[in-house]
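# Remarks on the overall topology
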Amino acid sequence: MSGAWSSAIDVREETDRYVVIADVPGIDPKDIEITMENGVLTIQGERNYETTDEDKESGYRRVERAYGKFFRRLALPDVADAENISAEGKNGVLEISIQKSEQAKPRRIEVKA
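What you are looking at is a predicted structure, and each value in this text was computed from that prediction instead of being measured. Every chain begins its residue count from 1, and numbering advances along the sequence as written. Local features in a predicted model are, by the rule used here, given only for residues with pLDDT of at least 70; side-chain atom pairs are given and counted only at 80 or more, and totals for whole chains, interfaces and linings are based on all residues. With hydrogens and water stripped out, all remaining heavy atoms of the structure feed into the side-chain values.

## Structural notes on unusual backbone geometry
If you check the backbone angles, asparagine 38 has positive phi at about 50° while not being a glycine. By the element assignment, asparagine 38 lies in the loop between strand 3 (33-37) and strand 4 (40-47). According to the relative accessible area criterion, asparagine 38 is exposed, its value standing at 75%. Of note, asparagine 91 is a non-glycine position whose phi angle comes to about 55°, a positive value. Helix and strand assignments follow DSSP, with helices taken as H or I runs no shorter than four residues and strands as E runs no shorter than two, numbered in order from the N terminus. Relative to the elements of secondary structure, asparagine 91 occurs in the loop between strand 6 (80-90) and strand 7 (93-100). Type-normalised accessible area, obtained with a 1.4 Å probe on protein chains alone, sets the label of each residue: buried when under 20%, exposed when over 50%, and partly exposed for intermediate values.

## A closer look at the sheet that holds strand 5 (residues 68-75)
Strand-to-strand pairing in sheets goes through backbone hydrogen bonds, with the strands running parallel or antiparallel. What makes two strands pair is DSSP finding at least two bridges between them. In spatial order, the strands read 3-4-5; together these three strands make up an open sheet with antiparallel pairing. Two strands close off the open sheet at either side, each with one partner strand: strand 3 and strand 5. Sheet twist, expressed as the mean angle between neighbouring strand axes with direction ignored, is 15°. Here eight bridges tie strand 4 to strand 5, and the two strands are oriented antiparallel to one another. Note that in strand 5 the partner of threonine 42 across the bridge is arginine 73. Every angle, taken between N-to-C directions, lies between 0 and 180 degrees, and every axis is a line fitted to C-alpha atoms, over only the stretch in contact when it is a helix.

## What to know about the pairing of strand 1 (residues 9-13)
As paired strands, strand 1 and strand 2 (residues 17-23) are joined by five bridges and run antiparallel to one another. By the bridge assignment, aspartate 10 is partnered in strand 2 with isoleucine 21. Between strand 1 and the antiparallel strand that follows it, strand 2, lie three residues.

Read these as spatial facts, not as claims about activity.
Next comes the structure, spelled out in structure tokens:
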């Protein structure tokens, strides 16, 4: 299959950050582009199909994995800190960490007697 495909993602909220986990098998992390603009996180990249001489000689093949470009956009809450985002790719999984702004973090309020 060739053309656009969609990476599966999970979004988790933690006390001090949001974590986005995206499945990007077969894509080198350096080939993934992540941007944040106006509260929208965009993840995009491309998985290319490479044929071998054996593929060409056999005359037939079965291709179930999708190839081509992928593009995901996620609207994030206002408390997401656009200046404090990091990403790491490992074993076909991309993890993006988006810190919450300081005013959004919970704090304990002392009750005076």
